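Architecture and fold: a report
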Amino acid sequence: MAPHRYIQSSSAAVQSVTAAEAAPPGPFYGEPHKFDPSFRGPVRRRSCTDVLCCLIFIIVIFSYVALGIVAWLHGDPRKVLHPTDSYGQFCGQKGTSNAKKPILFYFNILKCANPAILINLQCPTTQMCVSKCPDKFATYTEMQLQHKLSKSYWEYYRQFCKPGFNNPDKPVSQVLRDEDCPSMIVPSRPFLQRCLPDFITLNGTVTVANRTRFKDALEMARSVTELQDAAKGITGLVDTKELGMKIVEDYAKSWAWILIGLLISLAVSLVFILLLRFTAGLLLWVTIISVILLLAYGMWYCSMELSQLKHRPGSDVAIVEVGLQSDLQVYLQLRQTWIILLVSLGVTEASILLMLIFLRRRVRVAIALLREASKAIGHIMSTLFYPVITFLLLTVCISYWTVTSVYLASSGEAVYKVMSPDVSCPYANSTCNPETFNRSNISKAESCLGSQCLFAFYGGETSYHRYLFLLQLSNLLIFLWLVNFSLALEQCTLAGTFSSYYWAKRKPQDIPACPLFSSFSRAIRYHTGSLAFGALILSIVQLVRIILEYLEQKLRGLDNSLSRFIMCCLKCCFWCLEKFIRYMNRNAYIMVAIYGKNFCTSAREAFFLLMRNMVRVAVLDRVTDFLLFLGKVLIAGGVGVVAFLFFTREIPVIQEEVPNLNYYWIPLLTVVIGAYLIAHGFFSVYAMCVDTLFLCFLLDQEMNNGSLARPYHMTSSLRRTICRHLRKGIHRKKHKEKPRGFNYFYHRT
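Notes on the structure follow. (Residues numbered from 1 in each chain as written. Predicted model: local features only at pLDDT ≥ 70, side-chain atom pairs only at ≥ 80, totals over all residues. Heavy atoms only, no water.)

We now examine the side chain of R586. Turning to its location among the elements, R586 is positioned in helix α19 (residues 561–595). By relative accessible area, R586 is classed as buried at 16%. Each residue touching R586, except ones within four places of it in the same chain, is listed here: Q491, S684, A687, M688 and D691. (Helix = DSSP H or I, 4+ residues; strand = E, 2+ residues; numbered from the N terminus. Buried < 20%, exposed > 50% of the residue type's maximum accessible area, 1.4 Å probe, protein only. Contact = heavy atoms within 4.5 Å.)

Here the focus is unusual backbone geometry. Glycine aside, negative phi is the norm for most residues, and most peptide bonds take the trans geometry. Of note, the phi angle at D50 is positive, near 50°, even though the residue is not glycine. Within the secondary structure, D50 is located in the loop between α1 (10–21) and α2 (51–74). Exposure remark for D50: the relative accessible area of 21% places this residue in the partly exposed category. Phi at C514 takes a positive value of approximately 50°, unusual for a residue other than glycine. In this fold, C514 is placed in the loop between α16 (468–502) and α17 (515–526).

With that settled, consider the packing of α19 against helix α23 (residues 665–703). Direction vectors running N to C along α19 and α23 enclose 65°, while the axes themselves pass 11 Å from each other. Relative to α23, the crossing made by α19 is right-handed. In contact with R586, N587, I590, M591, I594 and Y595 of α19, α23 contributes S684, A687, M688, D691, T692, L695, C696, L699 and M703. The class makeup of the residues in the contact of α19 with α23 is 10 nonpolar, 3 polar and 2 charged. (Axes fitted to C-alpha atoms, helices over the stretch in contact; angles between N-to-C directions. Left-handed = near helix turned anticlockwise from the far one by under 90°. Nonpolar A, V, L, I, M, F, W, Y, C, P; charged D, E, K, R; others polar.)

With that out of the way, let us pick up the packing of aromatic side chains. By the definition in use, this model includes 22 aromatic pairs. Plain terms: the ring middles of Y140 and Y157 are 5.8 Å apart, the flat faces sit at 70° to each other, and that makes the pair edge-to-face. Taken together, the positions of Y140 in helix α5 (residues 140–147) and Y157 in helix α6 (residues 152–157) put the pair 17 residues apart, joining distant regions of the chain. Comparing Y140 with Y157 shows no difference in burial state: the two are buried. Between W154 and F165, the ring centres sit 6.0 Å apart and the planes meet at 75°, which makes this aromatic pair edge-to-face. Placement of W154 in helix α6 and of F165 in the loop between α6 and α7 (172–178) is noted, with a sequence separation of 11 residues between them. An identical accessibility class is assigned to W154 and F165; each is buried. Taken together, the aromatic side chains of Y64, W72, Y400 and Y407 make up a single cluster linked through ring pairs. It is K136 that lies over the ring of Y156; its NZ or CZ is 4.7 Å from the centre. (Phe/Tyr/Trp six-rings, centres within 6.5 Å; stacked < 30°, edge-to-face > 60°. Lys NZ or Arg CZ within 6 Å of the ring centre and 35° of its normal.)

In structure tokens, the structure reads:
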């Protein structure tokens, strides 16, 4: 007679796994959820949560709209694109006195060496629109001496003075005090509608008008180096604008092909999702192998390029010595570039292989979870298109923030202040109008004799201008808040939708009608405050990280090891804090979608639930994200390779259709990033589905025991997959332990 073999049922297996894996209840992890016979999935009868935060969020949105209106009233984005004189008039603007004066001339270009011009978008000196740049060197004092011989010297010099000024005999001290004319002019050439010194190299020495040193009208010694520093201050701003204009030009020429590339990415992502629905295991293993082969091909290509550059002269120059270049071909001629790419690809390849070797069991369980998620998405296909709503919300947020930032940055106006030689003048440093100053009582006051209305800076004296930096900071914080709220709304909506699928006894018959719309309505109606609360916490941490990055840039030139160490530690801590908050917010939104409680309570319950199931979390968490990431990389990389071959004219069939571009990498990066974002939009639904099903699985384990009175809601395939893997892990763990004493003989008997 064959010996009877006891086969453990699925319910018993789950109970044994639960007993062995779950952490014992205690004050540290909270009490497990108890069985509730009335629980049928996401709670329908719920009330509004975090009402105070909801009200604050609504007030902030209205305040943000008001900030945008104020910025639009004060700002002028044309200041960013076109040069303006000290009176706020645009050079070359039709219908004005500057219609035939398209070039901007700086009275004292030496003041443009101040790095603040990159922030204020202005150089702190009087600026005039001229028809042409000066082509000779002269000072105002020299002009006065030569004017006595010929009036032509004054006629040439006066075109760089204020309009209407025609008094060459006025003392130079008064001319400079009133800023009627520049103290000197140097040979210049127009560069993007701005007069910049024309530097010429003679015998290895940089000169201007064949001079290396010269004196201005006040007999102060100046050098060519000072002019170079000032010109760099302007070109640093102008180069940025020129690059932006070229980028816009490339987009105008290639937008149709970019759109085609994005549509191809959309089609490939949809096909990938459909194949994942029916062949999840095969497709994911093909994806993993394809990414490994793609990285191997990249390593081989880098090594071939490196071998070709080995004996090429000039290829051993360091990237740091080359500096920032807009033409990427410059970097591709350097050996160091290919070495960095080769090492990066090699490290990535080794990381993936090691992960597959040591986490192969987890990969199989993650594939099973994705297969279960495919079933859920297959029953609720509308969830695949919800990222379109998130994309529209993010587009509105990014566009509004960009426009508001530009208008705030261009809100500065020319500010003039009273400068008096007598310190007892009561009007000293007060604002004034240079056009009406000579007719005012200020210049006639006895204690203010000799005072003048001179240019001070670009900005403003109103409360709006004084707090412009804080307004920009507020603009950034609210932008981060709205972006994180949009993402939180997507996570909560999808969590409510997929939890409705999980808790349905009969799938798909018991799935509620329109689960996506119902979940979205619950999130907006009841939990706007909770979502805003979690988004605000994350936004504050992100803002602190941005400020730390800004401070690091400011402290980079200081030789202080302690400050750099402290800054590095702070950046590391806040990076970890952001990752932790982002992870906890995601699980908190799932609990909000299921039970309808406030954010803090949901976050605490989610944290305790995960802590009570630490082994399960360690086994299953983040492996699915890794597999989905490989899918996104495969789609973006594949579309990127095709786009690269197209824009570099490597496809013979359509070579004539490729537009002539300044930088081919502009549309290429746009297509690659767009393809990745499109794939991320679809795959984020899968990731949220897996996280929701996993959290519901843990709740199901705690509330039910698999009996007829308390049956499990999980599908049989999901129960078998997870429990089989967890039993193997427990079995290996027990065999590693060596029992001793009574327990050893007790277990043996």
